[in-house]
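What the coordinates show
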Amino acid sequence: MHFLSTNSLPCVSPLADIVTQRLHASGRPRLRNVRVQEQRGIVLLTGHVPTYFLKQVAQSIASSVDGVVSVRNEMVVTSPVRQDCS
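So, how was this worked out
Residues numbered from 1 in each chain as written. Predicted model: local features only at pLDDT ≥ 70, side-chain atom pairs only at ≥ 80, totals over all residues. Heavy atoms only, no water. Core = buried A, V, L, I, M, F, W, Y, C linked by side-chain atoms within 4.5 Å. Buried < 20%, exposed > 50% of the residue type's maximum accessible area, 1.4 Å probe, protein only. Helix = DSSP H or I, 4+ residues; strand = E, 2+ residues; numbered from the N terminus. Contact = heavy atoms within 4.5 Å. Pairing = 2+ DSSP bridges. Salt bridge = Lys/Arg side-chain N within 4 Å of Asp/Glu carboxyl O. Axes fitted to C-alpha atoms, helices over the stretch in contact; angles between N-to-C directions.

A few words now on the nonpolar core. Val-19, Leu-23, Leu-31, Val-34, Val-36, Val-43 and Leu-45 are the most contacted members of the largest nonpolar core, which totals 19 residues. Those elements that provide at least two residues to this core are helix H1 (14–24), strand S2 (42–46) and helix H2 (52–63). Looking at this core element by element, the count peaks at five residues for H2. Excluding residues that lie within four positions of it along the chain, Leu-31 makes contacts with Leu-23, His-24, Ser-26, Val-49, Leu-54, Val-57, Ala-58 and Ile-61.

Attention shifts here to unusual backbone geometry. With a phi close to 55°, Arg-40 is a non-glycine residue in the positive phi region. Tracing the sequence through the fold places Arg-40 in the loop between strand S1 (35–39) and S2. Among the residues examined, Arg-40 registers a relative accessible area of 68% and is labelled exposed.

A separate point is the pairing of strand S4 (residues 70–73). Only one face of S4 is buried, namely the one carrying Val-71 and Asn-73, since none of Ser-70 and Arg-72 on the opposite face is buried. By the bridge criterion, four bridges tie S2 to S4 in an arrangement that is parallel. Bridge assignment links Leu-44 to a residue of S4, and that residue is Arg-72.

If you walk through the whole model with that rule in mind, you get one salt bridge. Ionic pairing is found between Arg-72 and Glu-74, a salt bridge with its closest N-O pair at 2.3 Å. On the accessibility criterion, Arg-72 (29% relative accessible area) is partly exposed.

Let's shift gears to the environment of Val-49. Mapped onto the fold, Val-49 is located in strand S3 (residues 48–49). Along the primary structure Val-49 and Val-34 are separated by 15 residues, whereas in three dimensions their C-alpha atoms are 8.1 Å apart. Filtering out sequence-adjacent residues up to four positions away, Val-49 remains in contact with Arg-30, Leu-31, Val-34, Leu-54, Lys-55, Met-75, Val-76, Val-77 and Thr-78.

With four of its five residues buried, S1 lies for the most part within the structure. Relative to S2, S1 runs antiparallel, the two being bridged by five bridges. Its bridge partner being in S2, Arg-35 is matched across the sheet by Thr-46.

One open sheet accounts for three strands, arranged S1-S2-S4; its pairing is mixed. Both edges of this open sheet fall to S1 and S4, since each of them pairs with a single strand only. Adjacent strand axes in the sheet meet at a mean angle of 20°, parallel and antiparallel pairs treated alike. Each of S1 and S2 touches H1; the most contacted strand, S1, lies at about 150° to it.

Don't take any of this as a statement about function, it's just geometry.
What follows is the structure, encoded as structure tokens:
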């Protein structure tokens, strides 16, 4: 399954919409920016989250949706910039 070309993905995917709705309803605001694409039951998650925990939560939510065959989690963990207290 090749997700690199957006031309090969459906313009509207009901399954991707359901996954997106579940991410939004999770109560975790950082998951609202996750991009969800789907083709033949394979869900691709992309975007940035601040922790590996949230990356795993997104994958777990996507996996729990009926009709999802597998999840490719290509989200990137980007730690927030910390300021020195010096």
